[in-house]
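A structural walkthrough
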Amino acid sequence: MNAVNGASGTALVVTGLDVRFRLRGGRVVRAATDVDVTLRRGRLLALVGESGCGKSVLTEALTGLLPGNAEVRGSAVLEPGPDGPGDGGRAEGLDLLTASEAELRDTVRGRRVGLVGQSAGTFLTPTRTVGAQLREAVRFLGGTATAEELAARAGLPTSALDDYPHELSGGTAQRAGLAVALAGDPEVLLADEPTAGLDRPLVDRTTDLLVDLAREGRAVLLITHDLRAVQRIAATGPVDLAVMYASRIVETGPAAEVFAHPWHPYTDGLIGALPGERFEPIPGHPPELSDLPSGCPFRPRCPHAPVAAPAPAGHRPCTDDPTLVSHGGRAVACAPGGPA
Ligand SMILES: Nc1ncnc2c1ncn2[C@@H]1O[C@H](COP(=O)(O)OP(=O)(O)OP(=O)(O)O)[C@@H](O)[C@H]1O
């Protein structure tokens, strides 16, 4: 195992991703708007934002699992693997948004892009042991690791290989799901709320594992509501942060830097709401994605918006522009708290 050993560089580049759901009656839900995200080998990208802002839709778009009423634009290029062109001999990368279902099934899902979901244990077949299912996943995906090696990699006790899924605790089931996701030795790992429902020590163990998997050379996307968990791993790990609001990324950058100096007022509000920080919730609610305002969707909740007083000393005036702009290794929309 470990086709990814110590790899670095870009693994997956999402550019201008738009996802819209057309509903009966003509209503349109904008679940992703002009999303730019880069996953790098050797790093974990934590994607945070309030419920319903479009985080899961991103992973569904990347794995070709969006429902039939979705309209998708943009690109999501899976770069050639760390060992060169690899699957299909492609040197130019594979756009996951236009790849055929057969290509995604036969060369991408599980093999190059692994998926870990919430309650990972629930997708395991109830009538077969975890070990049997792990061995089958390795065979099917053409992996080389043994079930025991995968268990060790995912922090799953070897004794759990003889258990049936219903015999696993929540944390052990989550690690079983992680072991299955690693069966094809994917270079990209998408983890959507993998710590939901776990207690704090298990949250810490799971997030530490994901950081370790990134350190080995994988590109890891962690979607979570748990900003506190991200703050903890950001202190020492190779962790980037992307903050999503109302279908748009509003700020990205190295997580430790963003936590120390958030530029976007929404990022500042999320961090300020943490226990140990100001512990103040952001007033108001996110807008309906089927009724987004023009300009900046955060404007109605923003303390720096034009309706409020003129920009306080040391802050730039609100631009009402939701476009993400790069500043060095970071990018931010508007940024009243950002670089002058
Ligand atoms: N098939 C669908 N048809 C219509 N709207 C959808 C569909 N799937 C998702 N949505 C909408 O897209 C938006 C984004 O959903 P998504 O699940 O990505 O949010 P999220 O940020 O992951 O939320 P949470 O943190 O609660 O999981 C939501 O408003 C959701 O209602």
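This report concerns the structure included in the present document. Source: prediction; values computed, not measured.

Rules of the game
- Residues numbered from 1 in each chain as written.
- Predicted model: local features only at pLDDT ≥ 70, side-chain atom pairs only at ≥ 80, totals over all residues.
- Heavy atoms only, no water.
- Pairing = 2+ DSSP bridges.
- Helix = DSSP H or I, 4+ residues; strand = E, 2+ residues; numbered from the N terminus.
- Axes fitted to C-alpha atoms, helices over the stretch in contact; angles between N-to-C directions.
- Contact = heavy atoms within 4.5 Å.
- Near = heavy atom within 4 Å.
- Polar contact = N/O pair within 3.5 Å; in protein donor to acceptor, adjacent residues only side chain to side chain.
- Areas by Shrake-Rupley, 256 points an atom, 1.4 Å probe, with all protein chains shown as cover.
- Nonpolar A, V, L, I, M, F, W, Y, C, P; charged D, E, K, R; others polar.
- 1 Å grid on protein atoms, 1.4 Å probe; cavity = no way out; pocket = protein on both sides within 12 Å on 5 of 7 lines; lining within 4 Å.
- Points joined across faces, edges and corners; volume = space filled by probe spheres on them.
- Buried < 20%, exposed > 50% of the residue type's maximum accessible area, 1.4 Å probe, protein only.
- Phe/Tyr/Trp six-rings, centres within 6.5 Å; stacked < 30°, edge-to-face > 60°.
- Lys NZ or Arg CZ within 6 Å of the ring centre and 35° of its normal.

**Considerations on the sheet that holds strand S11 (residues 324–327)**
Two pairing modes exist for strands in a sheet, parallel and antiparallel, and in both the strands are linked by backbone hydrogen bonds. Spatial strand order, S6-S7-S8-S3-S9-S10-S12-S11: 8 strands in an open sheet with mixed pairing. Bordering the open sheet on either side are strand S6 (113–116) and S11, each of which pairs with just one other strand. When strand polarity is set aside, the average angle formed by the axes of neighbouring strands in this sheet is 20°. Against the sheet, helix H1 (residues 55–62) engages strand S3 (44–48), strand S7 (188–192), strand S8 (219–223) and strand S9 (239–245), with an angle of about 145° to S8. In the packing of helix H9 (residues 265–272) onto the sheet, contacts are made with S3, S9 and strand S10 (248–254), and the angle to S9 comes to roughly 110°.

**Structural notes on the site of the ligand**
The environment of the ligand is made up of 14 residues, and the closest members are Ser51, Gly52, Lys55, Ser56 and His225. In the model, an oxygen atom of the ligand is placed 3.1 Å from a nitrogen or oxygen of the Cys53 main chain. Val57 is positioned with one of its backbone polar atoms (N or O) 2.9 Å from an oxygen atom of the ligand. Protein chains shield 67% of the accessible area of the ligand, which is 640 Å² for the free molecule. At 3 residues, the largest contribution of residues to the shell around the ligand is made by H1. Across the shell around the ligand, the residue classes break down as 7 nonpolar, 6 polar and 1 charged.

**Let's talk about empty space enclosed by the protein**
One way to see where empty space is left: roll a probe the size of a water molecule over the atoms. This model, assessed by the stated rule, comprises 2 cavities of 30 Å³ or more. Size it by volume and the largest cavity reaches roughly 50 Å³. Contributing to the lining of the largest cavity are 10 residues, with Pro265, Cys296, Cys302, Cys318 and Cys334 lying nearest its centre. Classifying every residue of the lining of the largest cavity gives 7 nonpolar, 1 polar and 2 charged. Here the second largest cavity is characterised by a volume of approximately 30 Å³. Lining of the second largest cavity is provided by Tyr245, Arg248, Val250, His264, Cys296, Pro297, Phe298, Pro322 and Ala333. Here the residues of the lining of the second largest cavity are counted per class, giving 7 nonpolar, 1 polar and 1 charged.

**A closer look at the sheet that holds strand S5 (residues 94–95)**
Taken in spatial order, the 4 strands line up as S2-S1-S4-S5 in an open sheet, and their pairing is antiparallel. Of all the strands in the sheet, the pair left with one neighbour each is strand S2 (28–41) and S5. Direction of pairing for strand S1 (residues 9–22) relative to strand S4 (residues 70–78): antiparallel, over a ladder of 8 bridges. Pairing of Leu12 across the sheet is with Leu78, part of S4.

**With respect to the pairing of S7**
Within S7, 5 of the 5 residues are buried, which leaves the element mostly enclosed by the surrounding structure. Side-chain alternation along S7 places Val188, Leu190 and Asp192 on one buried face and Leu189 and Ala191 on a second face that is also buried. With 4 bridges connecting them, S6 and S7 associate as parallel partners. Bridging across to S7, Val116 finds its partner in Ala191. Bridge count between S7 and S8: 5 bridges; the pairing is parallel.

**Some words on the packing of aromatic side chains**
The tally for this structure, following the rule as stated, stands at 3 aromatic pairs. On the basis of an interplanar angle of 85° and a centroid distance of 5.1 Å, the ring pair of Tyr245 and Phe298 is categorised as edge-to-face. Of this pair, Tyr245 sits in strand S9 while Phe298 sits in the loop between H9 and S11, and the two are 53 residues apart along the sequence. The residues Tyr245 and Phe298 share a single accessibility class, namely buried. Pairing Tyr266 with Phe298 gives two aromatic rings, centres 5.3 Å apart and planes at 65°, and the pair type is edge-to-face. Of this pair, Tyr266 sits in helix H9 while Phe298 is found in the loop between H9 and S11, placing the two residues 32 residues apart along the sequence. Of the two residues examined, Tyr266 and Phe298, each falls in the buried class. Among the aromatic residues, ring-to-ring pairing joins Tyr245, Tyr266 and Phe298 into one connected group. The ring of Phe140 carries the charged tip of Arg111 above its face, separated from the ring centre by 5.5 Å. A cation over an aromatic ring shows up here: Arg330 above the ring of Trp263, its NZ or CZ 3.7 Å from the ring centre.

**Brief notes about unusual backbone geometry**
Phi angles above zero are rare outside glycine, and Asp185 is one such case at about 50°. Mapping Asp185 onto the fold places it in the loop between helix H5 (170–181) and S7. Exposure remark for Asp185: the relative accessible area of 13% places this residue in the buried category.

**Concerning the side chain of Arg330**
For Arg330, the position within the fold is in strand S12 (residues 330–333). A distance of 2.8 Å separates the side chain of Arg330 from the backbone oxygen of His261, its partner in a polar contact.

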